[in-house]
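These are the residues of each chain, in order.
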Amino acid sequence: MRKLLAGALCAVMLALPLCMATGCSDENRIRLCEVTHSIFYAPLYVAINNGYFEERGLDVTLENAGGTDKVTAALVSGSSDIGLMGPEGVIYSESLSDNIKVFGQLTKRDGSFLVSKKDEAATFDWSNLKGKRVLAGRVGGVPAMTMQYVMNNHGLYHNVDGTNIDTTVAFNMMASVFESDSTVDYTTLFEPTATEYQNSGRGYIVASVGKESGEVPYTAFCAKSSYLRDHRGVAKKFLDAVLEGYEFMKKNDSATVAKSLAPSFDGMSEESLAIAVDSYNENDTWCSTPVMTEKSLEALIKIMKNAGELDKEVDFNEIVDNSIAEELIKERA
């Protein structure tokens, strides 16, 4: 994972001069880097499209990095201010002098769905994966580690009984490889891709990984310690806008929420967006508070250790800075 982070950092550093030339240092401008683009992060997109950031005087520019390692590299290089990513990226990089910290949690469980090439939802059992090739995600990433954790809990292990927990396919290539490679039996996909594949008959949603794995701090807003110190007010306004996006979603039905999401998902019908929102609501996906708990982080650490990606103890206070989120929640009470 550290080698991947180093490679991603080199690529980001090459793009840094361009970012600097565009005036990124503006106090109220936030360069936000997301790990991927998915309805999984719906409260953020609602906040963008409903104008909640603008109401707070913030100018948020959004870039899709395609992986937590790349978001981490963008934060380290200074080409992004805030990253929406898996907290594992913070754990992997905690030795940095200006360390990255989680300052607000967004999702509290895995947002991927297991998609099969066979229409077996009515009869699906996890034992069906025995002897099959399953695309789980990039090695070291939370999607892959969580899927491995779930499969292990069902007695399914890589290279045992012919089962292949495949972590060789890049995250943003999983859907296309699943579709084009006849040797792949299952893959995990996030929304809206999972629903798109099912609607077009290219795959069938058979299970929710999030339901199986339980609560885990899957994605969170992260930033350098120096940014949280020097731009505390901006970070607080940012979290406040996202929280308003969440509250809008709780007060309205999925059809109304879909209208607010539509500008962020060109080519996807509002009906499909509403279905995806319902799926995530059913899974109790989004956090009602941005404050991360130690118990929540312990669940992630357990998953990482199960995958063999973590062999040390983790200090919660070195990874998480809840001060902004706690202050915000207290003021909103």
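Further up the page is the structure itself.
An account of the accompanying structure is given in this report. This one's a predicted model, so the numbers in the text were calculated from it and none came from an experiment. (Residues numbered from 1 in each chain as written. Predicted model: local features only at pLDDT ≥ 70, side-chain atom pairs only at ≥ 80, totals over all residues. Heavy atoms only, no water.)

1. Some thoughts on a negative patch on the surface
We count it as follows: Residues with no salt bridge and a relative accessible area higher than 30% make up the patches, which join like charges within 9 Å and nonpolar side chains (Val, Leu, Ile, Met, Phe, Trp, Tyr) within 5 Å. Residue burial considers only the protein chains on display, and all accessible areas are found by Shrake-Rupley using a 1.4 Å probe. For this document, the term salt bridge refers to a Lys or Arg side-chain nitrogen within 4 Å of an Asp or Glu carboxyl oxygen. Asp and Glu are treated as the negative residues and Lys and Arg as the positive ones, with His and the ends of the chain left uncounted. Note on charges: their place is set at NZ of Lys, CZ of Arg, CG of Asp or CD of Glu. Helix and strand labels come from DSSP, where a helix needs a run of H or I of at least four residues and a strand needs a run of E of at least two; each type is numbered from the N terminus. Using a 1.4 Å probe on the protein chains alone, a residue whose accessible area is under 20% of its type maximum counts as buried, one over 50% counts as exposed, and one in between counts as partly exposed.
Taken together, Asp26, Glu27, Glu54, Glu55 and Asp59 make up a surface patch of like negative charges. Residue position: Asp59 is located in strand β2 (residues 59-64). Given a relative accessible area of 42%, Asp59 falls into the partly exposed group.

2. What about the sheet that holds strand β6 (residues 133-135)?
Sheet strands associate in pairs through backbone hydrogen bonding, adopting either a parallel or an antiparallel arrangement. Spelled out, the test is: Note on pairing: two strands pair once DSSP finds at least 2 bridges between them. Axis definition: a line fitted to C-alpha atoms, limited for helices to the stretch in contact. Angles are taken between N-to-C directions and run from 0 to 180 degrees.
Spatially, five strands are ordered β7-β6-β8-β5-β9 in an open sheet, and the strand pairing comes out mixed. Only two strands of the sheet have a single partner each, and these edge strands are β7 (164-166) and β9 (204-208). Direction aside, the axes of adjacent strands within the sheet are offset by 25° on average. Two elements, β6 and β7, share three bridges in a ladder whose sense is parallel. In the sheet register, Leu135 faces β7, and the bridge partner there is Asp166.

3. What about the nonpolar core?
Going by this rule: The set of buried Ala, Val, Leu, Ile, Met, Phe, Trp, Tyr and Cys residues whose side-chain atoms join them within 4.5 Å is what this entry labels a nonpolar core.
Ile39, Phe103, Phe221, Phe238, Leu261 and Leu297 are the most contacted members of the largest nonpolar core, which has 89 residues in total. Broken down by element, this core gets its largest block of residues, ten residues, from helix α11 (residues 232-251).

4. Topic: the side chain of Asp166
So the rule is basically this: For the purposes of these results, a polar contact is taken to be a pair of N or O atoms within 3.5 Å, where, inside protein, one atom must be able to donate a hydrogen and its partner to accept one; residues adjacent in sequence count only when each atom of the pair is a side-chain atom. Between two residues, a contact is recorded if the distance between any of their heavy atoms is within 4.5 Å.
Mapped onto the elements, Asp166 comes out in strand β7. The exposure class of Asp166 is buried, given its relative accessible area of 6%. Side-chain polar atoms of Asp166 contact the side chain of Thr168, separated by 2.5 Å. Non-local contacts of Asp166, meaning those with residues more than four positions away in its chain, are made with Arg133, Val134, Leu135, Ala136 and Gly137.

5. What to know about the packing of aromatic side chains
Each aromatic ring pair is described using two quantities: the centre-to-centre distance and the angle formed by the ring planes. Rule in force here: Under the pairing criterion, centres of Phe, Tyr and Trp rings, with the six-membered ring standing for Trp, must be within 6.5 Å; the plane angle then separates stacked pairs below 30 degrees from edge-to-face pairs above 60, leaving the rest tilted. Sitting over a ring, as applied to charges here, requires NZ of Lys or CZ of Arg to be within 6 Å of the ring centre and within 35 degrees of the ring normal.
Counting across every chain of the model gives 13 aromatic pairs. Each ring, one from Phe40 and one from Tyr218, has its centre 5.6 Å from the other, and the planes form 75°; the classification is edge-to-face. Separated by 178 residues along the polypeptide, Phe40 in the loop between β1 (29-34) and α2 (42-49) and Tyr218 in the loop between α9 (209-213) and β10 (219-224) bring together distant segments of the chain. Of the two residues, Phe40 and Tyr218, both sit in the buried class. Put simply, the rings of Phe40, Tyr41, Phe113, Phe171, Phe190, Tyr218, Tyr280 and Trp286 touch in pairs and so form one group of aromatic residues. Here the basic side chain of Lys117 rests over the ring of Phe178, its NZ or CZ set 5.3 Å away from the ring centre. For Arg202, the ring lying beneath its charged end belongs to Tyr197, and the centroid distance is 4.0 Å.

6. Comments concerning the packing of α2 against helix α12 (residues 254-261)
Put simply, the rule reads: We call a crossing left-handed when the near helix sits turned anticlockwise from the far one by less than a right angle, and right-handed when that turn is clockwise. When residues are sorted by character, Ala, Val, Leu, Ile, Met, Phe, Trp, Tyr, Cys and Pro go into the nonpolar class, Asp, Glu, Lys and Arg into the charged class, and all the rest, Gly among them, into the polar class.
Between α2 and α12, whose axes approach to 8 Å, the crossing angle comes to 65°. For the pair α2 and α12, the crossing hand works out as left-handed. Listed contacts from α12 to Ala42, Tyr45, Val46 and Asn49 of α2 are Val257, Ser260 and Leu261. Of the residues that constitute the contact of α2 with α12, the class distribution is five nonpolar, two polar and no charged.

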